[in-house]
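# Architecture and fold: a report
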Amino acid sequence: MIHLARFSFLKSILILLTTITYSCSQSKTDFSAVNLKCEYLVNPLGVDTQQPRFTWQMSDNREGASQGSWQIIVTSSGDNNSGRENIIWDSEKVNSSASLVKYSGPALKPFTRYSWNVTIWDQNGKKSQSSELAFFETGMMDKSNWKGTWISDTRDVNLKPAPYFRKEFSATKKIVSARQYIAVAGLYELYINGIKVGDHVLDPIYTRFDRRTLYLTHDVTSLLKEGKNVIGVILGNGWYNHQSTAVWYFHEAPWRSRPKFCSDLRITYEDGTIEVVKSGTDWKTSTGPLTFNSIYTAEHYDARLEQEGWNKEGFDASVWKAAIPVPAPSLNIVSQQLHPIRQTVIIPAKSINKINNRTYVFDLGRNIAGVSKLTVKGERGTVLRLKHAERIYPDGKADQSNIDVHYRPTDDTDPFQTDIFILKGGGEESFMARFGYKGFQFVEVTSDKPVELTEESLTGYFMHSDVPVAGSVKSSNPLFDKIWEATNNSYLSNLYGYPTDCPQREKNGWTGDAHIAIETGLYNFDGITVYEKWLDDHMDEQQPNGVLPAIIPTGGWGYTWANGPDWTSTIAIIPWNIYLFYGDSYLLEKVYNNIKMYVDYITEISPDGLTTWGLGDWIPIKSVASKELTSSLYYYTDALILSKAAALFGNMEDNIKYAALSDKIKNAINEKFLDREKAVYAKGLQTELSAPLQWGVVPDDLKQRVADNLAGAIKANGNKMDVGLLGTKAILNALSENGYSDLAYQLASQETFPSWGWWIVNGATTLFENWPLDTKSDISMNHIMFGEIGAWMFKSPGGIFPDEKTPGFKNVILRPHFVKGLDTFSAEHNCPYGKIVSSWKRVEGKIEYHVEIPANSSATMNIKASAITLNGEDIVDSKSMKVLKNANGTFIVTLGSGTKDFVISDLN
Ligand code: BGC
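Thresholds applied
- Residues numbered from 1 in each chain as written.
- Predicted model: local features only at pLDDT ≥ 70, side-chain atom pairs only at ≥ 80, totals over all residues.
- Heavy atoms only, no water.
- Helix = DSSP H or I, 4+ residues; strand = E, 2+ residues; numbered from the N terminus.
- Buried < 20%, exposed > 50% of the residue type's maximum accessible area, 1.4 Å probe, protein only.
- Contact = heavy atoms within 4.5 Å.
- Areas by Shrake-Rupley, 256 points an atom, 1.4 Å probe, with all protein chains shown as cover.
- Pairing = 2+ DSSP bridges.
- Near = heavy atom within 4 Å.
- Polar contact = N/O pair within 3.5 Å; in protein donor to acceptor, adjacent residues only side chain to side chain.
- Nonpolar A, V, L, I, M, F, W, Y, C, P; charged D, E, K, R; others polar.
- Axes fitted to C-alpha atoms, helices over the stretch in contact; angles between N-to-C directions.
- 1 Å grid on protein atoms, 1.4 Å probe; cavity = no way out; pocket = protein on both sides within 12 Å on 5 of 7 lines; lining within 4 Å.
- Points joined across faces, edges and corners; volume = space filled by probe spheres on them.
- Salt bridge = Lys/Arg side-chain N within 4 Å of Asp/Glu carboxyl O.
- Core = buried A, V, L, I, M, F, W, Y, C linked by side-chain atoms within 4.5 Å.
- Parallel < 35°, antiparallel > 145°, perpendicular 65-115°, else oblique.
- Left-handed = near helix turned anticlockwise from the far one by under 90°.
- Expected span 1.5 Å × (residues − 1).
- Phe/Tyr/Trp six-rings, centres within 6.5 Å; stacked < 30°, edge-to-face > 60°.
- pLDDT = per-residue confidence, 0-100.
- Disulfide = S-S within 2.5 Å.

## Remarks on the overall build of the chain
A tally of regular secondary structure across the chain gives 17 helices and 46 strands. For the chain, the C-alpha atoms occupy an extent of roughly 90 × 75 × 65 Å along the three principal directions. In the chain, which comprises 908 residues, the proportion classed as buried is 60%. Look at the contacts in the chain between residues 6 or more apart in sequence, and 75% of them connect residues 24 or more apart. Within the structure as shown, the chain displays about 34,400 Å² of accessible surface, and the carbon and sulfur contribution to it stands at 51%.

This is the structure we're talking about:
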C-alpha cells in the first residue's frame, strides 16, 4: 500500500514535471508563422510593386488551431530587425485570421533590401514567437532608374550567328554587394568572370516584346572581385527574332529585330559608394561558335569557332567591334517575377540503338520537353546531327511525321528539332542547346564521319517553369497513378512562363488548352506567378473592342480564327480559379475591366444570348456537339464570373447587370437546347449533356434526369466516352457530381480505346492530342488539352474542393467518392494554409477515411453514409464537431484544423 501510494505520488510529480516542461516548450515552439513569401516567391529580388503581397502559414499541430491576429514588421536593415529605428512599417497587431496581406507602409525605395517577419496570435490570444526573417528586395521601381543603353551588334535580322558581348572593368574598392539588372529582347546567358550567372534557362520569359519586355535581377556579389572583372553576354533569338518560317507567322511579328539588351551592374562598395557598370557602345561584340539558334527548330554550334576565354579577363578582344546603340523594344520594361524555367530532371538514356557507326538512336524511355546533351570524341570538323523525335519508325530511326506538320522550311539549312554540332577535335567535347527546347523521347545522332557512341553519350534534360509541387495522388490502381503522372508530365512540358499546347509542333499559348487545364495545374502546382504574368500578356493583346487572340502571346495571328469564348475565356476562367485556389482577388481585380470588355463584345454580337463564335468540341472522338451550345455555355460562365467579381469589388451596378445577363444566357440556352420532357440537351450527345451540368445551367429539378440520360448515353455507347475537348472537361465531373462517380471512374481508368488508359497501356508517359494512336492529323504526343482528369482525381476520389464563400481553402470542402474499383486512394494538396490530406481505404466493408486540415483552416465534410464514427464514437454525438444529417442520408460535418480518422459504414 505504502509503496503504491509513494508510486502514485511520484507519478503525479512526474506528470506535473512533464506538463511544466511541455507547456514551457510549447510556449516556445508550438506555433508560429512559417513559409513566408513575398509576391508568392521566397525572398525575391527585383520587386517593383509598391504594395507587395505577403503570405505565410500557421504552423500549429493543435486541434482546431487558428490565427486570431497578426503583426508584420518590415525593416530596411537588411538582415536584422532588432533596432526599432530601422522599422519602415509596423502593421501593429491586427485582429484577423488573414495570412495574405498587402504591404501598406510608406513608399518603398528602389534597389533596397527590406526584411520582414510576422508574429501571430492564436484564437485564444496566445502570442507566437516571431517568424524567421524573410526579405524582399526592390528593383528599378521606375524606368528612369536605368542607366544603361540598349545595345546590339547589328540591325540585320537575318544574320544567323548569335552575338557575344564582353565588358571589362575595374572594381576599385572592396565590394559588399552587387546586382546585375538585365533587360533583354530575345534570350540571354550572362557570365561574370567566365562563370554563368544563375540556374535559369530561357530567360527572359516570352512576352509581346513591343508592349512589355522583362528584366531580371541577379545577385552577383560572390562572382566579382576587387580589380579587373569581365561581364559576358550571349544573346539568343527566342521569339523576338524568329528566323525559321513556321505556322502563325512569327517570322513576320511586328516586334521582330536583332536581339538586344540593356544592363546595369550596380556595385555597392564597403565605403557606401555605388558604381554602375552599364551597357553602352564601350562594350565589345563578336559572333562565335553559336552559328544559328531558333526557339522553334534547333541550334547549330561550330566548336571550331570557340574563342577560349572570351568572357574572362586577359582575353584579346582587339578584333571585336564596338556594340551599337539601338532603340528599346518598348518603353515598358518590367521585372520578371515568376518561377523561372529550369532543367529539373536529368534523364540518362535508357537504351542506344547502333544502326551503323554513323547512326545511333537514343531512347530516354519517356517523352519530355527540354534538351539533350551529347558528349563525344571525334575528328575536327565532324558534323553531328541530333534529330529529336517523339517516336521511331519500324527501322529504328527518328520519326518526326507527327510533329513537323507546321514546319515550313525555305531551304535545308534549318532542319526541324535537329541540332547540328561540329567538332573542334582533340578530345571529349559536349553540346547542349541553350536557346531553345524540343519535345522528344528519341534522339537520332548521325555523323558524317564514324564516331563511337555509348549509352552514356547522351542525356535528356526535362525543362519547364519550375513551379513548386502543390499536390499528389496515390491509389491502389497503378494505371490510374500513371495517368496522373502523365498528366503532370504534359502539364509541365507545356509550362514555359506561359501555358502552351505542345512543346514540339507549335509551342504556342493556346488559350483553350490552358483554361481546360487550369484546375489540374493548380491542384498539382503552385502556378500563380506564371498565370499572373500570362494574364498581363492577355492585357497586352486584347483589342480595344475586347477581342482576344486564340494564342497569347501572338505576333498578330489569331484574332479571326479559334478565338471564340470556348478558347479565349481564359480572361475570366483563369483569374477566377486563381481566386478560388489562392483566396487572392488581386488578379481578378486587375483584369476586371478586360473581362468586361470581352463579355460586352460577345453581347454585342450575340443580342439573343446565344453565340456560335468558337471552335466547338475540338478533336471529338466521333460525334460533334452543337457549337452554339458549347460556346454559349462559356459566354454564360464569363458573364457569371463577371457578376460575382463585380459583387466582390463592391460594384453592385455591374453585379446586377451581369447577373441579369447570365440569367438571360442561361434561359436562352435552355429555351433553345433543352427538351424538358426528355431532360435532354440538343441531340443528347455526351458533351451536350455533360457540359450544361458542368457549367451549371441545368434547372435543379432536371439535373438528375439529365445525368441519368448522360449515363444512359455512355452505356448505349458500350460504356465508352464520345466527347471532344470541351466534353472531356465536363464528363467526369458531371457524372461524379450527380451520383455516377463509379461510372466516371470506369471511364477514367479504362484501358481500351478511347481513353487515357489506352494511351498508357500503349507506352505513353505524357498525354496525347488525339485518342486513336494511328490518326493522321493532330497527333502530338505531348498535349495537356485532355488533362482535366488530373483535377478530377483530386475532386472526385479525393473530394478536395475550394469553398467559393471562403476561397483559398480557408474552408475546405471535402466530398470524396469512394469509387468502386479502388481499394485505396489518397490526395494531398498544399493550399495557402498548408497541407490538406484526404485519404481512404476499404477495410472489411467499411471505409477508413483519414483527413488532415492545416491550421487556420477548416473543412466542411459532405458524405453520404448510414454511420460515421471517430475514435469508435458515432460523430452524431460528438461535442467537438458540428454534425448535421440530411434527410437523404448525407452527413454535413464541420471540422477544425487537425488530423482525424473516421470509419464510414454503409455507403450509398
Ligand atoms: C493546337 C491545339 C489548339 C488548337 C485549336 C492546335 O493546333 O495544338 O491544342 O487548341 O490548335 O485550334
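## Details of the sheet that holds strand 10 (residues 163-171)
Overall, antiparallel pairing links the 6 strands, which are arranged 13-12-15-10-18-21 in an open sheet. The outermost strands of the open sheet, each flanked by one partner alone, are strand 13 (195-196) and strand 21 (321-322). In this sheet, strand 15 (residues 227-236) lies alongside strand 12 (residues 187-192) in antiparallel orientation, the contact comprising 6 bridges. If you follow I192 over to strand 15, its bridge partner there is I231.

## Regarding the site of the ligand
If you check the shell around the ligand, you find D501, R505, E506, W510, D513, W561, W567, L615, W618, E769, H783 and M785 and nothing else. Take E506: an N or O atom from its side chain is 2.5 Å from an oxygen atom of the ligand. Residue D513 places a side-chain N or O atom 2.4 Å away from an oxygen atom belonging to the ligand. If the ligand stood free it would expose 310 Å²; the protein chains cover 96% of that surface. A breakdown of the residues in the shell around the ligand according to their chemical character gives 6 nonpolar, 1 polar and 5 charged.

## A look at the sheet that holds strand 1 (residues 31-38)
Read across the sheet, 3 strands follow the order 1-2-6 without closing on themselves; strand pairing throughout is antiparallel. Looking at the sheet topology across the chains shown, the edges are occupied by strand 1 and strand 6 (100-102). Between one strand axis and the next, the sheet turns by 30 degrees as a mean value, whatever way the strands run. Both strand 2 (residues 53-60) and strand 6 contribute to a ladder of 3 bridges, which runs antiparallel. Directly across from F54, in strand 6, lies its bridge partner V101.

## Some words on the layout of surface pockets
For the largest pocket, the calculated volume is near 1,200 Å³. Along the wall of the largest pocket there are 32 residues; nearest its centre are L580, Q694, F801, E804 and R815. Those elements giving two or more residues to the lining of the largest pocket turn out to be helix 4 (518-524), helix 7 (570-582), helix 10 (627-648), helix 12 (686-694), helix 14 (725-736) and strand 37 (800-802). Of the residues that constitute the lining of the largest pocket, the class distribution is 15 nonpolar, 7 polar and 10 charged.

## A closer look at the pattern of salt bridges
For the coordinates displayed, the defined rule picks out 47 salt bridges. Between K173 and D271 there is a salt bridge, and its shortest N-O distance comes to 3.0 Å. Taken together, the residues span a long stretch of sequence, with K173 in the loop between strand 10 and strand 11 (175-185) and D271 in the loop between strand 16 (260-269) and strand 17 (274-278) at a distance of 98 residues. Among the residues examined, K173 registers a relative accessible area of 30% and is labelled partly exposed. A cluster of three or more residues bridged by salt bridges with shared partners is formed by E39, R53, E532 and D584.

## Examining the nonpolar core
If you look at the biggest cluster of nonpolar residues, it comprises 209 residues, and the most contacted ones within it are F421, I669, Y681, W756, L814, Y849 and F902. In terms of nonpolar packing, the next biggest core, distinct from the first, is built from 25 residues, A171, I182, V233 and F261 among them.

## Re the packing of helix 13 (residues 700-716) against helix 14
Where helix 13 meets helix 14, the axes come as close as 10 Å, and the angle between the chain directions of the two elements is 120 degrees. Between helix 13 and helix 14, the angle is such that the two are oblique. Relative to helix 14, the crossing made by helix 13 is left-handed. Mapping the contact onto sequence places L710, A711 and I714 in helix 13 and I731, A734 and L735 in helix 14.

## Considerations on unusual backbone geometry
The linkage connecting D203 with the following residue, P204, adopts the cis geometry, with an omega of -10 degrees. Here P204 shows up in the loop between strand 13 and strand 14 (213-219). In this model, F753 is joined to P754 through a cis peptide bond whose omega is -10 degrees. Following the sequence through the fold, P754 ends up in the loop between helix 15 (741-748) and helix 16 (756-761).

## With respect to helix 5 (residues 528-541)
Its 14 residues give helix 5 an end-to-end C-alpha distance of 20 Å, which sits within 8% of 20 Å, the value for a rise of 1.5 Å per residue. Counting buried positions over the 14 residues of helix 5 gives 13, a clear majority of the element.

## Thoughts on the packing of aromatic side chains
Counted according to the given criterion, the structure contains 55 aromatic pairs. An angle of 85 degrees between the planes, with centres 5.0 Å apart, marks the rings of Y164 and W310 as edge-to-face. Of this pair, Y164 sits in strand 10 while W310 sits in the loop between strand 20 (299-302) and strand 21, and the two are 146 residues apart along the sequence. Take Y164 and W310: they sit in the same class, and that class is buried. Relative to F809, the ring of F581 lies with its centre 5.6 Å away and its plane at 75 degrees, an arrangement referred to as edge-to-face. Residue F581 is located in helix 7, and its partner F809 is located in the loop between strand 37 and strand 38 (811-814); the two are separated by 228 residues in the primary sequence. When its relative accessible area of 0% is taken as the criterion, F809 is described as buried.

## Things to note about the confidence of the model for the chain
The pLDDT averaged across the chain works out to 95; a share of 96% of its residues lies at or above 70. Predicted confidence is poor over residues 1-27, with pLDDT under 50, and the contacts of this stretch with residues over four places away or in other chains come to 5 contacts.

## Describing the pairing of strand 30 (residues 418-422)
Within strand 30, 5 of the 5 residues are buried, leaving the element largely enclosed by the surrounding structure. Here strand 30 shows two buried faces, one formed by T418, I420 and I422 and the other by D419 and F421. The pairing of strand 20 with strand 30 spans 3 bridges and is parallel. Residue pairing across strands places H300 opposite I420, the latter belonging to strand 30. Two elements, strand 27 (residues 383-389) and strand 30, share 5 bridges in a ladder whose sense is antiparallel.

## Let's talk about the state of the cysteines
All chains considered together, the criterion is met by 0 disulfides. The thiol of C831 is not disulfide-bonded; the next cysteine sulfur, from C38, is found 20 Å away.

## Here's the deal with the environment of T273
Mapped onto the elements of the fold, T273 is located in the loop between strand 16 and strand 17. Between the alpha carbons of T273 and I175 there is a distance of 9.8 Å; along the sequence they are 98 residues apart. Setting aside anything within four residues of it in sequence, one finds T273 in contact with K173, I267 and T268. Reaching out from T273, the side chain makes a polar contact with the side chain of K173 at a distance of 2.8 Å.

## Looking at helix 15
Taken across its 8 residues, helix 15 has 6 buried, putting it largely inside the fold. Buried residues along helix 15 sit against helix 2 (478-493), helix 13, helix 14, helix 16 and helix 17 (788-795).

## Here's the deal with the environment of V706
Along the polypeptide, V706 turns up in helix 13. In this structure V706 comes out as buried when scored by relative accessible area, which is 0%. In this structure the C-alpha to C-alpha distance between V706 and S690, which are 16 residues apart in sequence, comes to 8.3 Å. Aside from chain neighbours lying at most four places away, what touches V706 is A679, Y681, L689, L693 and V698.

## Things to note about the pairing of strand 17
Across 5 bridges, the pairing between strand 16 and strand 17 is antiparallel. If you follow I267 over to strand 17, its bridge partner there is E275. Between the antiparallel neighbours strand 16 and strand 17 lie 4 residues, among them G272 with a positive phi of about 90 degrees.

## Quick notes on the environment of S91
Residue placement: S91 occurs in the loop between strand 4 (87-90) and strand 5 (94-95). Placed 17 residues apart in sequence, S91 and V74 show a C-alpha to C-alpha distance of 8.6 Å. In this structure S91 touches W70, Q71 and I72, once residues within four positions along its chain are discounted. Polar side-chain contacts of S91 include one of 2.8 Å to the backbone nitrogen of I72.

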